Amino acid sequence: MITIKQALNDSIAALQKSYDDREARAISQLLIEHITQYAKLDVLMHANEMLSEAQMQTYHAALERLQQLEPIQYVLGYAWFMNKKLTVNNAVLIPRQETEELINLIKEHHASDAPLSILEIGTGSGCIAIALKAHFKAANILAIDISEAALTVAKENAMQHQCPIDFQQVDFLNLDEHLVFPKFDIIVSNPPYIPIQEKVTMEQHVVQHEPDNALFVPNDTPLVFYQAIAHYAMQQTYGPIAVYCELHQDFALQTKVLFENKGYHSVNIFKDIFENWRMLRAIKK
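Before going into details, it helps to say that this report is about the structure given with it. (Residues numbered from 1 in each chain as written. Predicted model: local features only at pLDDT ≥ 70, side-chain atom pairs only at ≥ 80, totals over all residues. Heavy atoms only, no water.)

**Topic: the side chain of Glu246**
Tracing the sequence through the fold places Glu246 in strand E9 (residues 241–246). Other than its neighbours up to four places away in sequence, Glu246 contacts Glu98, Thr99, Leu102, Ser189, Asn190, Pro191, Tyr193, Tyr226 and Arg278. (Helix = DSSP H or I, 4+ residues; strand = E, 2+ residues; numbered from the N terminus. Contact = heavy atoms within 4.5 Å.)

Listed below in structure tokens is the structure:
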């Protein structure tokens, strides 16, 4: 048996072989908080408390997975997004802080009580759809994904947070499947946008464990999803439609030009907190 402090230090030492010191400490802290069910300050206050046998078993199993570069969110089985605890596994991307900024951008431009109709393309864990439904309570939201496994996770999260959302399995790149879509005021997406050639330079805990189909696009067509989104909205006879997308910073300007060339009335790109061009808003009249 070991103390909480020793478990924390042992975890940091083990993870420093694969992560820098800051990351190793942050991951270890989350692990110990999860195992002990103590908040960060309480972990310090109870540093000399012994872990129980059951806690030790959980600790060793989790640490083994972490040493295999499995993300801490998958090991714990959850991630936080917009102050909501969401179930995650390797069928879905881990929600990220940058995507919260996309939600905030939408909030800035639409009244919270508006009876909006919203389409989310590539819902994954459901984090975007759930955050929008929690804010726009009168909205009707259709969230689609090509992955049945991802939709299972999204439905679980929506039920947990009592957010009624219509989830459907759809291959958005198949134009025939667009026929089932109703009228929308807002279209939002954090689509796959990383050219497959970048895989070799990415962090291994992402490459080895997060789903390829939610991350990567062919090298020769990096804007394939943005082209499909821009085409779909522009084909609709109704309007206006506001389109919001998360972007690859290296292709942000190209994506803006793509929407402008499709005939969108107002196209703007926005920086995230890290000063990267990461979000787009385009209006179809």
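Read on, since the account is not over.
**Comments concerning the nonpolar core**
With 37 residues, the main nonpolar core has Leu119, Phe181, Ile187, Val243 and Phe259 as its most contacted residues. Per element, the largest residue contribution to this core is 6 residues, and it comes from helix H10 (residues 224–235). Dropping the residues within four chain positions of it, Phe259 is found in contact with Tyr226, Ile229, Ala230, Val243, Tyr264, Val267, Leu280 and Ala282. Ranked by size, the runner-up nonpolar core spans 32 residues in total, among them Leu105, Ile130, Ala143 and Ala154. (Core = buried A, V, L, I, M, F, W, Y, C linked by side-chain atoms within 4.5 Å. Buried < 20%, exposed > 50% of the residue type's maximum accessible area, 1.4 Å probe, protein only.)

**What about the packing of aromatic side chains?**
Going through the model one piece at a time under the given rule, you end up with 5 aromatic pairs. With a centroid separation of 5.9 Å and an interplanar angle of 75 degrees, the aromatic rings of Phe172 and Tyr232 are classed as edge-to-face. Separated by 60 residues along the polypeptide, Phe172 in the loop between strand E5 (166–169) and strand E6 (186–189) and Tyr232 in helix H10 bring together distant segments of the chain. Judged by its relative accessible area of 3%, Phe172 is buried. Taking 6.4 Å as the distance between ring centres and 75 degrees as the angle between the ring planes, the aromatic pair formed by Phe181 and Phe184 counts as edge-to-face. (Phe/Tyr/Trp six-rings, centres within 6.5 Å; stacked < 30°, edge-to-face > 60°.)

**A few points about the environment of Leu223**
By the secondary structure assignment, Leu223 is in the loop between strand E8 (216–217) and H10. Given the relative accessible area of 10%, Leu223 is considered buried. For the pair Leu223 and His248, spaced 25 residues apart in the sequence, the C-alpha separation amounts to 9.4 Å. Leaving out residues up to four positions away in the same chain, Leu223 has contacts with Phe251, Gln254, Thr255 and Leu258.

**Quick word on the sheet that holds strand E4 (residues 140–145)**
The 7 strands are arranged E5-E4-E3-E6-E9-E11-E10 in an open sheet whose pairing can be described as mixed. Among the strands making up the open sheet, the edge pair consists of E5 and strand E10 (266–271). Strand-to-strand twist of the sheet, defined as the mean angle between neighbouring strand axes without regard to direction, takes the value 15 degrees. Looking at chain direction, E9 and strand E11 (residues 277–284) are connected through 6 bridges and run antiparallel. Bridge pairing links Ala242 to Ile283 in E11. H10 contacts strand E3 (117–121), E6, E9 and E11 of the sheet and is inclined by roughly 175 degrees relative to E9. (Pairing = 2+ DSSP bridges. Axes fitted to C-alpha atoms, helices over the stretch in contact; angles between N-to-C directions.)

**Some details on helix H4 (residues 53–67)**
In this model H4 runs 21 Å from its N-terminal to its C-terminal C-alpha over 15 residues, within 8% of the 21 Å that 1.5 Å per residue would give. Those residues of H4 lying buried are Gln55, Met56, Tyr59, Ala62, Leu63 and Leu66. Along the axis of H4, the buried positions cluster into a sector of 140 degrees, meaning they face one direction only. The exposed set on the far side of H4, more than 90 degrees from its buried face, consists of Glu53, Gln57 and Glu64. Once H4 finishes, Leu69 follows within two positions and takes phi at roughly 70 degrees, a positive value. (Expected span 1.5 Å × (residues − 1). Arc of directions from axis to C-beta.)

**Overview of the pairing of E5**
Pairing between E4 and E5: 4 bridges, direction parallel. Paired with Leu142 across the two strands is Asp166, which belongs to E5.

**Observations concerning unusual backbone geometry**
Backbone torsion omega between Gly239 and Pro240 reads 0 degrees, so that peptide bond is classified as cis. Turning to its location among the elements, Pro240 is positioned in the loop between H10 and E9. In this structure, Glu275 takes a positive phi of about 70 degrees despite not being glycine. Looking at the secondary structure, you find Glu275 in the loop between E10 and E11. The exposed category is assigned to Glu275, whose relative accessible area is 52%.

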